[in-house]
Amino acid sequence: MSQAVLKLKKVIVDFSGFKAINQLDFTVQSKSVHFVIGPNGAGKTTLLDVVCGKTKATTGEIKLQEKKELSKLTEDQIVHQGISRKFQAPTIFHNLTVKDNLEIAMKQKKNLFSMIKAKWTNEQKKKVNDMLDLVGLKEEQDQLAGSLAHGQKQWMEIAMVLMQEPDIVLLDEPIAGMSKKERNKTGELITKIAKDHAVLIVEHDMDFVKEYADIVSVMHEGQLLYEGSMEEVQNDPTVREVYLGRKVEENVVN
Amino acid sequence: MQNTIYQKLLSRRVIFSLIFLLLLAAPLFMSDFRLNLLGKFLAFAILAIGLDLLWGYTGVLSLGHGIFFGIGAYCMAMYLKLEATGGTLPDFMAWSGMSELPLIWLPFQYPIIAILLGILIPAVVALFIGYLTFRNRISGVYFTILSQALVLVVVTLFVGSQNLTGGTSGLTNFKTLFGFQVNSASTQTAFYLITVVVLGLVFFACRKLIKGRFGKILVGIRDGENRMRFLGYNPSAYKTFIYTLSGGIAGLAGMLFVLQVGIISPTMIGIIPSIEMVLWVALGGRGTLIGPIIGAVLVNAAKTGFSESYPDIWTYFLGLLFVLVVVFLPKGITGLFEKWSDRRKKQDVSSSVEVEKSYS
């Protein structure tokens, strides 16, 4: 079986009294597409935040590959350990070309002095070209990133995440605002990525989750409610209660 | 065909070389007085390049570059002052009741050390301020306010320590540098030429820095500092480096300024000059390296021109110029050129499309 890439143990994130994540144990297996779903405020995005260092865990440990403890590192150090993240809204560099965006995202020594001396190597050129092929932005490579369509921006950002050659990829609602066609392309892209990376995705679109998920985790009030395949999740009574039950109740009240 | 020749003639490298040669040849056709003024403007232009590196590329607005400029200028001036007094105590020190040269003046007896310190001290001060602020993620308008406050602190210190800095009247009455008469026409021409060469060197060094991957990272930090963290960069280190570099360049500019103007006083490095420096960059066009040079020369030339022709109301002209540029040219003067060349390119594209259509 596949092994665990990322392991969270008894993690608590406390926002001055409100526990966005409460005693969470969480594991991500390698080479799998792992979706996190749950109602609003369940702590899904906070989970990604705490893994990538945007938010610090109050207590608990976060380990990558069984050995590297992440919770004490800064954001940029965590990236170099092998975790990279795509944010919900496309955050790309509009004033740089598509190729430039990939160039600076690429895995390389990113300290000041190696950057001053940095030059293209053949290997790096090949990597950027391969990535442009993968996400289908070859023709747009010299355009300013700001001029891309919304879907293209999302793919470019996924490409930027992949250029860092991470062990685990964090995606926050990658298909938000996409057309049906763009959605399918993104899904295929995710399947491709999962061939050699672990992918952890927060998503609201259940059809999309159903189609591409290997494992689905349901979060509720900062804790893990249920974990399993989409089918198991859909048939679990507790999940139905927090998810569907609440909706039914609301409807009744309304 | 004709088009490509035209484009080659207008290529940046050719234009830059032409401007550079023209500046080098200026002593042949300009009066000593005008040359001296131009030399002063070019010293400002050197500072503007450094400031643009910081603001235009890295997105850090400093309203306090006067202090780095000032420290550089004072370093040079201290040497010149000691040289002029010929080993005796400078007059203002004697008036303040000092009997021997204070410790911090001692290194400035030697010209080479004074010149090195003129770059190093501002750079180190910038490194220190930059490290403390950027590491604690103080950025944006908070940094700008802080930099402005620093000017006030430094100027107050300079005015207050009359016995060390000459107080409000500053340092002046210089005589020689390396044995040459500072005020003679030939030495002034040499200073001018040195300024042009230094400007060229600073320009090409910065251009080299900006054109590579490093420049893209700076733009990345300007447009999305937090995103850069999640790409594995530490923006604080980059910002500190650029701030330090820009401080050093400002110090260099200050030294060249004092050589050609012959005086440095706290009013020349205070809040108003510091803000003016930012205006040169804004007017010329930030985010390009040639823009700040154009801005610095143009604003100062306009200032001189207006004040000569309309001594009573020249400040209004200057104000009007700023308003016009801010309203109509948000990207500065170089932005105007970009617009033109874009329009030309578009015309080229549309004409070629028409040709394709008529063939198909």
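The name given to chain B in an unreviewed UniProt entry is Urea ABC transporter membrane protein, and the organism recorded there is Gracilibacillus orientalis.

The name given to chain A in an unreviewed UniProt entry is Urea ABC transporter ATP-binding protein, with the source organism recorded as Gracilibacillus orientalis.

S.K.: Outline the overall build of chain B, listing residues and values.
M.R.: Across its full length, chain B carries 15 helices and four strands. Compactness check: chain B gives a C-alpha radius of gyration of 22 Å against a globular reference of 21 Å for 360 residues, within 12% of the reference. Buried positions account for 49% of the 360 residues belonging to chain B. A sequence separation of at least 24 residues applies to 78% of the contacts in chain B between residues at least 6 apart. Accessible surface computed for chain B: about 17600 Å², of which carbon and sulfur atoms make up 69%. If you average the places of the 27 positive and of the 15 negative side-chain charges in chain B, the two averages end up 10 Å apart.

S.K.: Could you give an account of the sheet that holds strand 9 (residues 215-220) of chain A, naming the residues involved and the relevant values?
M.R.: Residues and elements named next belong to chain A. Read across the sheet, six strands follow the order 6-7-8-3-9-10 without closing on themselves; strand pairing throughout is mixed. The two strands at the open ends of the sheet, each matched to only one other strand, are strand 6 (83-86) and strand 10 (223-228). Within the sheet, the average angular offset between the axes of one strand and its neighbour, ignoring direction, is 20°. With respect to the sheet, helix 6 (residues 150-163) is in contact with strand 6 and strand 7 (168-172), its orientation differing from that of strand 6 by roughly 170°.

S.K.: Describe the interface of chain A and chain B, naming the residues involved and giving the relevant values.
M.R.: On the chain B side, the residues contacting the 31 residues of chain A number 22 residues. Carbon and sulfur atoms supply 62% of the area that chain A and chain B bury against each other, a total of about 2400 Å² over both sides. Taken together, chain A and chain B are joined by five salt bridges. Taking the shortest distance from any N to any O, the salt bridge between A:D100 and B:K216 comes out at 3.1 Å. If you list the elements that add at least two residues to the side of chain A that touches chain B, you get helix 2 (75-81), helix 3 (98-105), helix 4 (112-117) and helix 6 of chain A. For the side of chain A that touches chain B, the per-class residue count stands at 15 nonpolar, seven polar and nine charged.

S.K.: Which residues make up the confidence of the model for chain A, and what values go with them?
M.R.: On average, residues of chain A score 85 in pLDDT, and 95% of them reach the 70 mark or higher. Every residue in residues 248-254 of chain A is under pLDDT 50, and counting partners more than four places away or in other chains gives zero contacts.

S.K.: Outline the sheet that holds strand 5 (residues 68-69) of chain A, listing residues and values.
M.R.: All names here are of chain A. The strand order 2-1-4-5 describes an open sheet built from four strands, whose pairing is antiparallel. Single-partner strands in this sheet number two, and they are strand 2 (18-29) and strand 5. Judged from the eight bridges that link them, strand 1 (residues 4-15) and strand 2 form a sheet pairing that is antiparallel. Bridging across to strand 2, V13 finds its partner in I21. Of the strands in this sheet, strand 1, strand 2 and strand 4 (59-64) are in contact with helix 1 (residues 44-52), which crosses strand 1 at around 110°.

S.K.: So what about the side chain of A:S32? Which residues, and what values?
M.R.: When you line up the elements, A:S32 lands in the loop between strand 2 and strand 3 (33-37). Among the polar contacts made by the side chain of A:S32, one reaches the main-chain carbonyl oxygen of A:Q29 at a distance of 2.9 Å.

S.K.: Can you break down the packing of aromatic side chains residue by residue, with the values?
M.R.: One pass over the full model with this rule turns up 20 aromatic pairs over all chains. Note on B:F143 and B:Y243: the rings are 5.4 Å apart at their centroids and 80° apart in plane angle, and the pair reads as edge-to-face. Note that B:F143 is positioned in helix 7 (residues 141-160) and B:Y243 in helix 11 (residues 235-261), a separation of 100 residues in sequence. Judged by centre distance (6.1 Å) and plane angle (75°), the rings of B:Y233 and B:Y238 are edge-to-face. Lying over the aromatic face of A:W155, A:K185 brings its terminal NZ or CZ to 4.0 Å of the ring centre. Looking at B:R286, its charged tip hangs above the ring of B:W55, at a distance of 4.4 Å from the centre.

S.K.: Describe the pattern of salt bridges, listing the residues and the values that go with them.
M.R.: Should the charged atoms of two oppositely charged side chains come close, the side chains can pair. Evaluated as defined, the whole model comprises 22 salt bridges over all chains. Of the charged contacts in the structure, one is a salt bridge between A:E123 and A:K127, with a shortest N-O distance of 3.9 Å. You can see A:E123 and its partner A:K127 sitting in helix 5 (residues 122-135), four residues apart, about one turn around the helix. A:K127 gets classed as partly exposed once you look at its relative accessible area, which sits at 28%. Ionic pairing is found between B:E225 and B:R229, a salt bridge with its closest N-O pair at 3.3 Å. Taken together, the residues B:E225 and B:R229, both in helix 10 (residues 213-229) and four residues apart, mark about one turn of the helix. In this structure, B:E225 and B:R229 share a single accessibility class: buried. Among the charged side chains, a salt-bridge network with shared partners connects A:D100, A:E103, B:R213 and B:K216.

S.K.: Run through the packing of helix 10 of chain B against helix 11 of chain B, naming residues and quoting values.
M.R.: All names here are of chain B. At a minimum axis distance of 10 Å, the contact between helix 10 and helix 11 shows a crossing angle of 135°. Accordingly, the angle class assigned to the pair helix 10 and helix 11 is oblique. In this structure, the crossing between helix 10 and helix 11 has a hand that is left-handed. The residues of helix 11 that touch helix 10, namely those facing F214, I217, L218, I221, E225, M228 and R229, are P235, S236, Y238, K239, F241 and I242.

S.K.: Which residues make up the domain arrangement of chain B, and what values go with them?
M.R.: All names here are of chain B. By the assigned domains, chain B splits into domain 1 (1-30), domain 2 (32-328) and domain 3 (334-360). Computed over C-alpha atoms only, the centres of domain 1 and domain 2 are separated by 28 Å. Contacts between the two partners involve seven residues from domain 1, matched on the other side by 15 residues from domain 2. Around 1000 Å² of area is buried between domain 1 and domain 2 when both sides are counted, 84% of it from carbon and sulfur atoms. Ranking the residues of domain 1 by area buried against domain 2 places F16, L23 and M30 at the top, with a combined share of 55%. At the boundary of domain 1 and domain 2, one finds zero salt bridges. At the boundary of domain 1 and domain 2, one finds one residue pair in polar contact (both at pLDDT 80 or more). Along the lines of polarity and charge, the residues of the side of domain 1 that touches domain 2 split into seven nonpolar, no polar and no charged.

Scoring rules and cut-offs
- Residues numbered from 1 in each chain as written.
- Chains lettered and ligands numbered in written order.
- Predicted model: local features only at pLDDT ≥ 70, side-chain atom pairs only at ≥ 80, totals over all residues.
- Heavy atoms only, no water.
- Helix = DSSP H or I, 4+ residues; strand = E, 2+ residues; numbered from the N terminus.
- Rg over C-alpha atoms; globule rule 2.2 N^0.38 Å.
- Buried < 20%, exposed > 50% of the residue type's maximum accessible area, 1.4 Å probe, protein only.
- Contact = heavy atoms within 4.5 Å.
- Areas by Shrake-Rupley, 256 points an atom, 1.4 Å probe, with all protein chains shown as cover.
- Lys, Arg positive; Asp, Glu negative; His and termini not counted.
- Charge placed at Lys NZ, Arg CZ, Asp CG, Glu CD.
- Pairing = 2+ DSSP bridges.
- Axes fitted to C-alpha atoms, helices over the stretch in contact; angles between N-to-C directions.
- Buried area = accessible area lost by both parts, 1.4 Å probe.
- Salt bridge = Lys/Arg side-chain N within 4 Å of Asp/Glu carboxyl O.
- Nonpolar A, V, L, I, M, F, W, Y, C, P; charged D, E, K, R; others polar.
- pLDDT = per-residue confidence, 0-100.
- Polar contact = N/O pair within 3.5 Å; in protein donor to acceptor, adjacent residues only side chain to side chain.
- Phe/Tyr/Trp six-rings, centres within 6.5 Å; stacked < 30°, edge-to-face > 60°.
- Lys NZ or Arg CZ within 6 Å of the ring centre and 35° of its normal.
- Parallel < 35°, antiparallel > 145°, perpendicular 65-115°, else oblique.
- Left-handed = near helix turned anticlockwise from the far one by under 90°.
- Domains from an automatic or database assignment.

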